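# Close look at the chain arrangement
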Amino acid sequence: MSPETEADIGAEASGGERRSDTRKFQRSVEASAEAEAMASAEEEIAVKEPLDLIRLSLDERIYVKLRSDRELRGKLHAYDQHLNMILGDVEEIVTTVEIDDETYEEIVRRARDDRAAVAAAALAMGVTKEDVEAAVAAALSPTHLVVTDTSGGCGASYEIEVVSDKFEGKRLLERHRMVNTALAPHMAEIHAVSIKKALTPAQAQPQPQPEPADKAQA
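Conventions we followed
- Residues numbered from 1 in each chain as written.
- Predicted model: local features only at pLDDT ≥ 70, side-chain atom pairs only at ≥ 80, totals over all residues.
- Heavy atoms only, no water.
- UniProt positions renumbered as here; feature names shortened; annotations may be inferred.
- Pairing = 2+ DSSP bridges.
- Helix = DSSP H or I, 4+ residues; strand = E, 2+ residues; numbered from the N terminus.
- Axes fitted to C-alpha atoms, helices over the stretch in contact; angles between N-to-C directions.
- Contact = heavy atoms within 4.5 Å.
- Salt bridge = Lys/Arg side-chain N within 4 Å of Asp/Glu carboxyl O.
- Buried < 20%, exposed > 50% of the residue type's maximum accessible area, 1.4 Å probe, protein only.
- Parallel < 35°, antiparallel > 145°, perpendicular 65-115°, else oblique.
- Left-handed = near helix turned anticlockwise from the far one by under 90°.
- Nonpolar A, V, L, I, M, F, W, Y, C, P; charged D, E, K, R; others polar.

The name given to the protein in an unreviewed UniProt entry is Sm domain-containing protein, and the organism recorded there is Lolium multiflorum. The protein has a UniProt comment under Subcellular location (unreviewed entry) that states "Nucleus".

Have a look at this one:
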C-alpha cells in the first residue's frame, strides 16, 4: 500500500471519528434538553395548590415571617393543612425598632436565638382567640363577649357573640361593620368571621314568656 493510500485511509478514519463524536454530542444535548423538559413538566404538574410548594420544601431550609417582627429559619420536617409546621435547627430573629431621644432616628436591632431543639411554628393563620377577644373588647367595650375558634386550631375562622352599649341605635349591618372594623388589623390572617349575635344589653336580657292561654282567661 502506497503512502498516499495510507494517508487517505487515515484521514477517512479520522473524519469518521469526528462525525461519530459529533453525533454523540448531539444525542447528549438532545437527551439533556429532553430531561429538562420532562423535569419542568413534572414540576408544573406537582405544583397545583399552594400547599404543594410547602410539600416540595420538606427537608429543606425555609424562611418564615411571623407577627411582631419575628422570623424563623429552619429545616422543614412536617406540616399540616392548617399550616402548623415543625422545624429543626431553628434560628429565630427578632427585629426591634427604637427612636433615638436626641436625633429621633430609628435604631433597628436584630437579635438572633439559635435553637437546637425542634420547634413548632403556627404560621400565616396565626391569629389567636385572645387576639380576637382583645380587638373586639378594645373597640366595643362589650358587656358580654364569646369568641369561638371554628378553624380547628389554626386561627383561620371564628364565631363571635357580642353585647355592647355601642350598638344602641345601630342597624344589624352597622353592628357587623363595627365588629369587622375592630378586627381589621387581623383580617389579612383570618379567612372567615361569623357574627352570631350583635346585641344591645336590653336585647340580650331574657324576654318574658307569655302566660298560658288558660291562665290569661282565668
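Having seen the model, we can carry on.
Our next topic: the sheet that holds strand 7 (residues 157–163). In a beta sheet, neighbouring strands are held together by backbone hydrogen bonds and run either parallel or antiparallel to one another. Spatial ordering of the open sheet is given by 6-7-8, a layout of 3 strands whose pairing is mixed. Each having just a single partner strand, strand 6 (144–149) and strand 8 (192–199) make up the two edges of the open sheet. Between one strand axis and the next, the sheet turns by 10° as a mean value, whatever way the strands run. Where strand 7 meets strand 8, 7 bridges bridge the pair, whose relative direction is parallel. Bridge pairing links V163 to L199 in strand 8. Packed on one face of the sheet, helix 4 (residues 172–182) meets strand 7 and strand 8 and runs near 130° to strand 8.

Take the environment of V108 next. As for its placement among the helices and strands, V108 is situated in strand 4 (residues 106–115). As for V108 and E98, which are separated by 10 residues in sequence, their C-alpha atoms are 6.5 Å apart. Among all residues touching V108, those that are not within four sequence positions of it are T95, T96 and V97.

A full pass over the atoms with the stated rule returns 4 salt bridges. Across the pair K129 and E133 runs a salt bridge, and its minimum N-O distance is 2.7 Å. Placement of the pair is K129 and E133 together in helix 3 (residues 129–140), with a separation of 4 residues, close to one helical turn. Between E174 and R171 there is a salt bridge whose closest N-O contact spans 3.8 Å. Exposure remark for R171: the relative accessible area of 59% places this residue in the exposed category.

On to the packing of helix 3 against helix 4, then. Running from amino to carboxyl end, helix 3 crosses helix 4 at an angle of 120°, the nearest separation of the two axes being 8 Å. Compared by their axis directions, helix 3 and helix 4 come out oblique. Crossing of helix 3 over helix 4 shows right-handed handedness. Residues A135, V136, A139 and L140 of helix 3 pack against M178, V179 and A182 of helix 4. Of the residues assigned to the contact of helix 3 with helix 4, the class counts are 7 nonpolar, no polar and no charged.

Inspection of the secondary structure puts E71 in strand 2 (residues 70–79). Here E71 falls in the buried class, since its relative accessible area comes to 6%. Filtering out sequence-adjacent residues up to four positions away, E71 remains in contact with Y63, V64, K65, E91, E92, I93, T95 and R110.

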